[in-house]
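# What the coordinates show
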Amino acid sequence: MRVAVPRSAARRAPRVFLAPLAVRAALTALTALTALTALTALTSIAGCAAPRVARSIDGQIIEGRYIAAHAYALYAIGAEAEARGDLATALEAYELAENGDPDSADIWTRIGSARCRLGRGEAAGAAFERARAIEPDYEPAYREQARCDLSAGRLEAALGRIDRAILLDPDRDDGALLRAEILRRLGRTGDARLALRALVVRRPWSTEAWRALHAAAVEAGDRAAAEQAARRLRELAAPGAAVLGRRIPPRGQLAEVDEALVLGQLRRARRLARDADLTPADVAVRAAALGRIGEAREQAELVSAADPASAEALVALAVAADLSGDLDALARACDALDLPAAAGGPTVAPSRLARLLFAELLFRRVGRDAALTWLGPPPPPALVAGDALFQEVERRVHRELASGAP
């Protein structure tokens, strides 16, 4: 089942993503190749039992039950709306998704979180309880209800729930940060600072942790700790520059997003990306560049469900599919990239990082000429200054292209 996401044609941006003819031919050849290979693989397993569904959840591959396409699409729309702060739309989408997938602890947790933030505390509590009834050790249900308790001033209840969440998943930074905030609100400032000091030792690049430690130190009058945190924040956040109306994120913020992706913490990466002025599609591309196939695909599918015209998300999806050997998904992504705007194709050119990644894909699958034609002339250096991931990918792709045929 396919769920269409309504978009106003009158608000569509003019098409600026126009692949050169040579690259369009390469895309056609690539699509035909991947479709044929996928068809061969499909016919070879005809008559066998359906494969189990595998998904990447916070960096772990989890096998589980099948989820209807419409429920998955509605969940993606809800997650995208929640990331934008449109809680009413997010809640509506999550509740519709729940109708198609009532046994999802994740959907019930997101419903609880959205209800809480909209001031519907009692209904939020019922949603969290439903999530835990489905999956008793589901860490996000404890963590999100602890956040809800904190916002309502139920501090002891919040502490109990966040302690349980951390016991279930001790490596989550957002759990540690939330616990420190609860301790601070309880007046246990010494315990809060100790918890934050432990976090910055474990995550020395986390600006969120250093900001929290700075605030706690200032509140407690600990001048030495406050100065140390302020100094570290200055080191992590070199000032950005304004280019074409969009700020280049400081190196430290980009490093935090990338670190979260490497650790498989996709939700944390999404939150950090907002602070760094990265779009949801940028997160998908960075995950693909870091080789985090599950995170890249999950994020790219989320963005594509909400905005089918995002070239950036389609590139991330194509790269993730190629790296995982999913030729059917690769063919679909390439087909979508090649669609004209009138048929729902991309309307905004992908970022330079996305262009590099897709050039690398073309180099692997088609050849050097197609990759060079797609890549086009290099941008001014200021457009990508300070992005270590971009610079690493750029050097790698240039080395590959200089070496000739793969």
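Overview of the structure.

Reading the values: the criteria
- Residues numbered from 1 in each chain as written.
- Predicted model: local features only at pLDDT ≥ 70, side-chain atom pairs only at ≥ 80, totals over all residues.
- Heavy atoms only, no water.
- Helix = DSSP H or I, 4+ residues; strand = E, 2+ residues; numbered from the N terminus.
- Buried < 20%, exposed > 50% of the residue type's maximum accessible area, 1.4 Å probe, protein only.
- Contact = heavy atoms within 4.5 Å.
- Areas by Shrake-Rupley, 256 points an atom, 1.4 Å probe, with all protein chains shown as cover.
- Disulfide = S-S within 2.5 Å.
- Phe/Tyr/Trp six-rings, centres within 6.5 Å; stacked < 30°, edge-to-face > 60°.
- Lys NZ or Arg CZ within 6 Å of the ring centre and 35° of its normal.
- Axes fitted to C-alpha atoms, helices over the stretch in contact; angles between N-to-C directions.
- Parallel < 35°, antiparallel > 145°, perpendicular 65-115°, else oblique.
- Left-handed = near helix turned anticlockwise from the far one by under 90°.
- Core = buried A, V, L, I, M, F, W, Y, C linked by side-chain atoms within 4.5 Å.

## Comments concerning the overall build of the protein chain
From N to C terminus, the protein chain includes 20 helices and four strands. For the protein chain, the proportion of its 406 residues judged to be buried stands at 47%. Long-range contacts, defined as pairs at least 24 residues apart, comprise 61% of the intrachain contacts of the protein chain with a sequence gap of at least 6. If you sum the accessible surface of the protein chain, you get close to 19,200 Å²; carbon and sulfur atoms cover 58% of it.

## Observations concerning the environment of A281
Within the secondary structure layout, A281 lies in helix 14 (residues 280–289). Here the alpha-carbon distance between A281 and S304, two residues 23 residues apart in the chain, equals 8.7 Å.

## Examining the state of the cysteines
Summed over the entire model, instances satisfying the criterion amount to one disulfide. Linked covalently through their sulfurs, C116 and C148 form a disulfide whose S-S length is 2.2 Å. Taking the sign of the torsion about the S-S bond as the criterion, the disulfide between C116 and C148, at about 105°, is right-handed. Placement of C116 in helix 4 (residues 105–117) and of C148 in helix 6 (residues 139–151) is noted, with a sequence separation of 32 residues between them.

## Focus: the side chain of S304
Relative to the assigned elements, S304 resides in helix 15 (residues 293–306). In this structure S304 comes out as buried when scored by relative accessible area, which is 15%. Apart from the residues lying within four places of it in its own chain, the contact partners of S304 are A313 and L314.

## Quick word on the packing of aromatic side chains
Evaluated as defined, the whole model comprises one aromatic pair. When the ring of Y75 is compared with that of Y94, the centres are 5.5 Å apart and the planes differ by 50°; the resulting orientation is tilted. Of this pair, Y75 sits in helix 2 (residues 69–84) while Y94 sits in helix 3 (residues 87–100), and the two are 19 residues apart along the sequence. Above the plane of the ring of Y142 lies R132, whose end atom (NZ or CZ) is 4.9 Å from the centre. Above the ring of Y142, the side-chain terminus of R164 is found at 5.7 Å from the ring centroid.

## Here we look at the packing of helix 8 (residues 173–185) against helix 9 (residues 189–202)
For the pair helix 8 and helix 9, the least separation of the axes is 7 Å and the interaxial angle reads 160°. The orientation of helix 8 relative to helix 9 falls into the category roughly antiparallel. For the pair helix 8 and helix 9, the crossing hand works out as left-handed. Every residue of helix 9 that contacts helix 8 at D173, A176, L177, R179, A180, L183 and R184 is listed here: T189, D191, A192, A195, L196, L199 and R202.

## Quick look at the side chain of E360
With respect to the helices and strands, E360 occurs in helix 18 (residues 352–365). Non-local contacts of E360, meaning those with residues more than four positions away in its chain, are made with R396, V397 and E400.

## Notes on the nonpolar core
Grouped together as the largest cluster of nonpolar side chains are 51 residues, with contacts concentrated most on L261, L330, L353, L357, F358 and V393. In contact with L261, other than residues within four places in its own chain, are L266, A269, V283, R286, A287, L290 and R292. Grouped together as the second largest cluster of nonpolar side chains are 22 residues, I111, A131, Y138 and V303 included.

## Things to note about the environment of E227
By the element assignment, E227 lies in helix 11 (residues 223–236). For the pair E227 and H214, spaced 13 residues apart in the sequence, the C-alpha separation amounts to 7.8 Å.

Coordinates in, geometry out; function isn't part of it.
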